[in-house]
Amino acid sequence: MKIGNVDVKVSIISIAVFGFFTIFLIIASVFSPEVRTNLIWMIPCLFMLLVIPVALNYMSRSEYADLTPRYEVEAKTVRVKLINESMIGKPVRVEGVVERVHFQFLNRPQFLVADRSGAISVKMFTSPDEDIRVNDVVEVLGQVIRRYIVTGDPVINCVSIRKVKKS
Amino acid sequence: MSGNDSVQAQQKTGSSILFLELAVPAFSFGGALLALFFSGAGSTIDPRYFATGCVISSFVLAYLAWIRPRKDIVALTTPIYSIIFFVAPSDMAVNLVLELLYATSLTILLVRLKYRFGAAPESGIAAGKKTLEEPLLGYCEAVRERVPGVMPEAAHYGAMAFALFAQGDYLDAVKASDAAMTELAAAETPQPVLVTAFGIVREQALLLEESAALPDHFTEFSAADSSFLAKSLPPEDKPHDRFEVTLENALLLLYAVGWNASAGDHKILLNGQNFALKLTTS
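Attention in this report is confined to the structure presented alongside it. Worth saying up front: this structure is predicted, and the values here are computed from it rather than measured. (Residues numbered from 1 in each chain as written. Chains lettered and ligands numbered in written order. Predicted model: local features only at pLDDT ≥ 70, side-chain atom pairs only at ≥ 80, totals over all residues. Heavy atoms only, no water.)

## A look at the packing of helix H9 (residues 170-185) of chain B against helix H10 (residues 192-209) of chain B
Each pair of packed helices can be described by the angle between their axes along with the distance between the axes. Residue and element names in this part refer to chain B. Contact geometry of H9 with H10 gives a least axis separation of 8 Å together with a crossing angle of 155 degrees. In this view, H9 runs roughly antiparallel relative to H10, as classed from their interaxial angle. Once H9 is placed against H10, the crossing between them reads as left-handed. Taken together, the residues of H10 that come into contact with H9 (itself represented by Tyr 170, Leu 171, Ala 173, Val 174, Ser 177, Asp 178, Ala 180, Met 181 and Leu 184) are Leu 194, Val 195, Phe 198, Gly 199, Val 201, Arg 202, Ala 205, Leu 206, Leu 208 and Glu 209. Taken together, the residues of the contact of H9 with H10 sort by class into 14 nonpolar, two polar and three charged. (Axes fitted to C-alpha atoms, helices over the stretch in contact; angles between N-to-C directions. Helix = DSSP H or I, 4+ residues; strand = E, 2+ residues; numbered from the N terminus. Parallel < 35°, antiparallel > 145°, perpendicular 65-115°, else oblique. Left-handed = near helix turned anticlockwise from the far one by under 90°. Contact = heavy atoms within 4.5 Å. Nonpolar A, V, L, I, M, F, W, Y, C, P; charged D, E, K, R; others polar.)

## A few points about the packing of helix H8 (residues 152-167) of chain B against H10 of chain B
All names here are of chain B. Interhelical geometry of H8 versus H10 gives an angle of 25 degrees and a closest axis separation of 11 Å. One element, H8, and the other, H10, form an angle in the roughly parallel class. Between H8 and H10 lies a crossing of left-handed hand. The residues of H10 that touch H8, namely those facing Ala 154, Tyr 157, Gly 158, Ala 161 and Phe 165, are Phe 198, Val 201, Gln 204, Ala 205 and Leu 208.

## Quick word on the side chain of Glu 248 of chain B
For Glu 248 of chain B, the location among the structural elements is in helix H11 (residues 239-261). Within the structure, the side chain of Glu 248 of chain B is placed 2.8 Å from the side chain of Lys 81 of chain A, a separation counted as a polar contact. Apart from residues lying up to four places away in sequence, Glu 248 of chain B is in contact with Lys 81 of chain A together with Lys 231 and Leu 279 of chain B. (Polar contact = N/O pair within 3.5 Å; in protein donor to acceptor, adjacent residues only side chain to side chain.)

## Side note on the interface of chain B and chain A
How big an interface is tends to be stated in terms of the accessible area lost upon association of its parts. Counting residues at the interface gives 25 residues for chain B, matched by 20 residues for chain A. Both sides together, the interface formed by chain B and chain A hides about 1900 Å², and carbon and sulfur atoms give 51% of it. A per-residue breakdown of the area chain B buries against chain A is headed by Lys 71, Leu 208 and Glu 244 of chain B, which together make up 23% of the total. Summed over the shared surface of chain B and chain A, the number is five salt bridges. (Buried area = accessible area lost by both parts, 1.4 Å probe. Salt bridge = Lys/Arg side-chain N within 4 Å of Asp/Glu carboxyl O.)

## Notes on the nonpolar core
Residues and elements named next belong to chain B. Within the largest apolar cluster, 74 residues are counted, with the highest numbers of intra-cluster contacts made by Phe 165 and Leu 253. Broken down by element, this core gets its largest block of residues, ten residues, from H11. Leu 20, Val 24, Leu 64 and Tyr 102 belong to the second largest nonpolar core, which has 21 residues in total. (Core = buried A, V, L, I, M, F, W, Y, C linked by side-chain atoms within 4.5 Å. Buried < 20%, exposed > 50% of the residue type's maximum accessible area, 1.4 Å probe, protein only.)

Below, the structure written as C-alpha cells:
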C-alpha cells in the first residue's frame, strides 16, 4: 500500500489481530443484542487496530527515507571487523551477504550480514524497502549502536538496506 | 603496569568471581535451610525473612550476568522476580517450597550462564584495576623486548593513532601518523618497523575515509619485520586477506608500543582493548 511516496507495509501480526477481532465481533454481534447496539463505536475501534500500525509504519518509513540521503553522504564504508565499541554513534556503510534473517514478519527485521572479515547484527526498526532474503548481497547504511542500548556488543541500527546484486 | 602485576590482579579478581558464583547457591539454599531449621525447631519467625538469601543470590547472579560480554537477559532480570516473589506484598504465601524451587532455579541459571554465556572477564570486577588480557598482554610483552627504546612521543602518537582509528576518525588517525613519522624521522635510533606501521595505518585510514576499494598496491611490512608482528601474513595470492592482516598487524604494533612506552595513554588503550583483542584473535 502506497501513501504518497512511502510504501507502507503492515505486519502479519497486525493483520492477524484485526482478523481475529473482526471474527470475534461478528460472532458476538450475532449472539448478543447488547453488542449490536454498541457496533457504532466498536467498528471504528476495530479499524483502529489496522489504522494505528499503518500510521506508525508510514511515520517510521518516511523518517527513515529522510535519513537515508544524509547517511549516504556521511557514512564511511568499513569492513565488519573494524566496527567496535569505540565507533558507537558513527554512521557506517557495510557491504556483505545476508546470512540470517529474523523477525521480518514483525516489521522489525534483524539481519546477520557478513563480509570477508566477519559478521555483524543489523537491526531495523521498520520494514525495509526491499524483500531481503538469506544469501542476498546487500549494502547496509546505519549507525553503530550497542545491542541493548547501554550494553552489549556493537550492532548496526539500520537506516537502509538494499540489494547490491542478486545472488 | 608490569606483567606480574597484571597476573596478580587477574588471580585476585578470578577468585572473587568464583566466590560470587559459589555465593548464589550458598545464599539461596542457605536461606531455605535456615527456614527449614527454624520451622523444625517450632519457631514462628516468618519464612519471608529467610527468603532474603534468595533476593541476595538473585542480585549476585544478575551482577555475574552483567559483567559478561554476552548478556543473559534471564539472569539479569532475576532481581525483579525475587522482589515480586519475596518482597512485594502479594496474596502468594512465601514458604519453604517456594524458596527451594527458587534456589534450584537460580542454580540452574548460574550453570546455564557459565556454560552458554562464556566466562566472566576476570578484570571486569576490579574497578580501576583493569588490565590487559591474553593474548594481547603477551604480544605487548614480546614487543617490549623486540622494539626497545621507543620515543615516548612516538609511542603516544601510536596510542592516539590506534584509538582514533578504532573510533572511525580516520582523518585524525592520518594526522597522528604524520606527526609520529616526523618524530621518528628525527630520532637518533631509527625504527623502520614503526615507520612502516604508521605508514600502513595512514594509507589505510585514507582509503577508509574515501570509502575506496582495495588498491592494486599497498604498503606492507618487510620480511625482516615478521618477528614484530602479531599475526602471520596470508599468501600473496590472497590480496584481500593480506591487506586486512597488514592493517591489523600495524594497529596491534602501535597498540603495543603505546602500551609499553606511553603510560599516560593506558586508559585510552584499555578502552580500546576489546577492539585490539578482536584483531588479535580473529
